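Now for the letters of each chain:
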Amino acid sequence: AQTVTQSQPEMSVQEAETVTLSCTYDTSESDYYLFWYKQPPSRQMILVIRQEAYKQQNATENRFSVNFQKAAKSFSLKISDSQLGDAAMYFCAYRSHGNDMRFGAGTRLTVKP
Amino acid sequence: KAGVTQTPRYLIKTRGQQVTLSCSPISGHRSVSWYQQTPGQGLQFLFEYFSETQRNKGNFPGRFSGRQFSNSRSEMNVSTLELGDSALYLCASSLVAASGSGGTQYFGPGTRLTVL
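A quick note: this is a predicted structure, and the numbers were derived from the prediction, not measured.

Caption draft 1: Geometry of the state of the cysteines. According to the stated counting rule, one finds two disulfides over all chains in the structure shown. Paired through a disulfide, cysteine 23 of chain A and cysteine 92 of chain A show a sulfur-sulfur distance of 2.0 Å. The sign of the S-S torsion, about -65°, decides the handedness of the disulfide formed by cysteine 23 of chain A and cysteine 92 of chain A: left-handed. Pair noted here: cysteine 23 of chain A is in the loop between strand 3 (19-21) and strand 4 (24-26) and cysteine 92 of chain A is in strand 10 (residues 88-96), with a separation of 69 residues, a long-range link. You can call cysteine 23 of chain A buried: its relative accessible area is 1%. Paired through a disulfide, cysteine 23 of chain B and cysteine 91 of chain B show a sulfur-sulfur distance of 1.6 Å. Of this pair, cysteine 23 of chain B sits in strand 3 (residues 19-24) while cysteine 91 of chain B sits in strand 9 (residues 87-94), placing them 68 residues apart in sequence. Exposure class is identical for cysteine 23 of chain B and cysteine 91 of chain B. Each is buried.

The structure is reproduced here in structure tokens:
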């Protein structure tokens, strides 16, 4: 079964600092997609970044970047220059062809001013 | 372009009743997926519809059903409500079938259902 594990229920970071959120997944597939979604309090979920498994290059979106280690089945999210607006629940998600999206339990990120 | 909209945003029902939730995808999107979000179980996939056909279904009882109309709008129905059905129900739309590719899903604000 494909499972996604986020081992950090909560994380905090000082404003302007860098934080890394961890995610591991279990799959026997070779072709799949990985996502990080952000869910601010009482606001809707938005996509932060996505990664295709066949691409070796790590995806980057402005201050957000991933460290994708396919052999280790690891997909961590790095947030640089953290801002107060980054405070949210972050969900790691996995999907392979023909299957539904699997989400991790989430990591609650607090940004301290 | 307008985002994914869900109605109603909040709903209170009693056990045994049934409820219908609505989702309007982003214009041009043909795929709609539904998820249940609870503090205990997290985000769980309910089903996906693409071009009016159910493409994929999660592990939920038959009390949970859905459909998609020709304009891609989707409805989700829960019959004989139980206390455990209290949750945030999220709808997500994508341009292509979400289960067929890595198409990005765009989420709506959700409908918070409380069952008393």
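Caption draft 2: Seen up close, the pattern of salt bridges. Summed over the entire model, instances satisfying the criterion amount to eight salt bridges over all chains. Where aspartate 86 of chain A meets arginine 63 of chain A, a salt bridge forms, and the shortest distance between an N and an O atom there is 2.8 Å. Within this pair, whereas aspartate 86 of chain A is found in the loop between strand 9 (74-79) and strand 10, its partner arginine 63 of chain A is found in the loop between strand 7 (60-61) and strand 8 (64-69), the two being separated by 23 residues in sequence. The partner of arginine 73 of chain B in a salt bridge is glutamate 75 of chain B, and the shortest N-O contact between them spans 3.3 Å. Taking the relative accessible area as the measure of exposure, arginine 73 of chain B reaches 24% and is therefore partly exposed. Each of the salt bridges in this network shares a partner with another, and the network as a whole consists of Arg50, Glu52 and Lys55 of chain A.

Caption draft 3: Broad picture of the interface of chain B and chain A. Facing 18 residues of chain B, the contacting portion of chain A comprises 17 residues. For the chain B and chain A pair, buried surface summed over both sides reaches about 1500 Å², with 50% attributable to carbon and sulfur atoms. The interface formed by chain B and chain A holds zero salt bridges in total. On inspection of chain B and its partner chain A, the count reaches four residue pairs in polar contact (both at pLDDT 80 or more). Class assignment of the residues belonging to the side of chain B that touches chain A gives a composition of eight nonpolar, ten polar and no charged.

Caption draft 4: Representation of the side chain of serine 22 of chain B in the model. Counting through the fold element by element, serine 22 of chain B comes out in strand 3. Not counting residues up to four positions away in its chain, the partners in contact with serine 22 of chain B are Thr5, Gln6, Thr7, Trp34, Arg73, Ser74 and Glu75 of chain B.

Caption draft 5: Looking closely at the pairing of strand 4 (residues 31-38) of chain B. All names here are of chain B. Summarising burial for strand 4: eight of the eight residues are buried, a large majority. Covered by surrounding structure in strand 4 are Ser31, Ser33, Tyr35 and Gln37 together with Val32, Trp34, Gln36 and Thr38, the residues of both alternating faces. Taken together, the eight bridges between strand 4 and strand 5 (residues 42-50) define a ladder with antiparallel strand orientation. Note that in strand 5 the partner of tyrosine 35 across the bridge is phenylalanine 45. Joining the antiparallel neighbours strand 4 and strand 5 is a turn of three residues. Pairing of strand 4 with strand 9 involves seven bridges; the strand directions are antiparallel. Among the inter-strand pairings, glutamine 37 is bridged to a residue of strand 9, identified as leucine 88.

Caption draft 6: Looking closely at the sheet that holds strand 8 (residues 74-78) of chain B. All names here are of chain B. Spatially, four strands are ordered 1-3-8-7 in an open sheet, and the strand pairing comes out antiparallel. If you trace the sheet from one side to the other, it starts and ends with strand 1 (5-7) and strand 7 (64-68), each paired once. Going across the sheet, the axis of each strand differs from the next one's by a mean of 20°, ignoring polarity. Pairing analysis gives five bridges linking strand 7 to strand 8, with the strands arranged antiparallel. Its bridge partner being in strand 8, serine 65 is matched across the sheet by asparagine 77.

Caption draft 7: Spatial organisation of the confidence of the model for chain A. On average, chain A scores 93 in pLDDT, and the residues at 70 or more come to 99%. Within chain A, strand 3 of chain A carries the highest mean pLDDT (98), whereas strand 7 of chain A carries the lowest (90).

Conventions adopted
Residues numbered from 1 in each chain as written. Chains lettered and ligands numbered in written order. Predicted model: local features only at pLDDT ≥ 70, side-chain atom pairs only at ≥ 80, totals over all residues. Heavy atoms only, no water. Disulfide = S-S within 2.5 Å. Helix = DSSP H or I, 4+ residues; strand = E, 2+ residues; numbered from the N terminus. Buried < 20%, exposed > 50% of the residue type's maximum accessible area, 1.4 Å probe, protein only. Salt bridge = Lys/Arg side-chain N within 4 Å of Asp/Glu carboxyl O. Contact = heavy atoms within 4.5 Å. Buried area = accessible area lost by both parts, 1.4 Å probe. Polar contact = N/O pair within 3.5 Å; in protein donor to acceptor, adjacent residues only side chain to side chain. Nonpolar A, V, L, I, M, F, W, Y, C, P; charged D, E, K, R; others polar. Pairing = 2+ DSSP bridges. Axes fitted to C-alpha atoms, helices over the stretch in contact; angles between N-to-C directions. pLDDT = per-residue confidence, 0-100.

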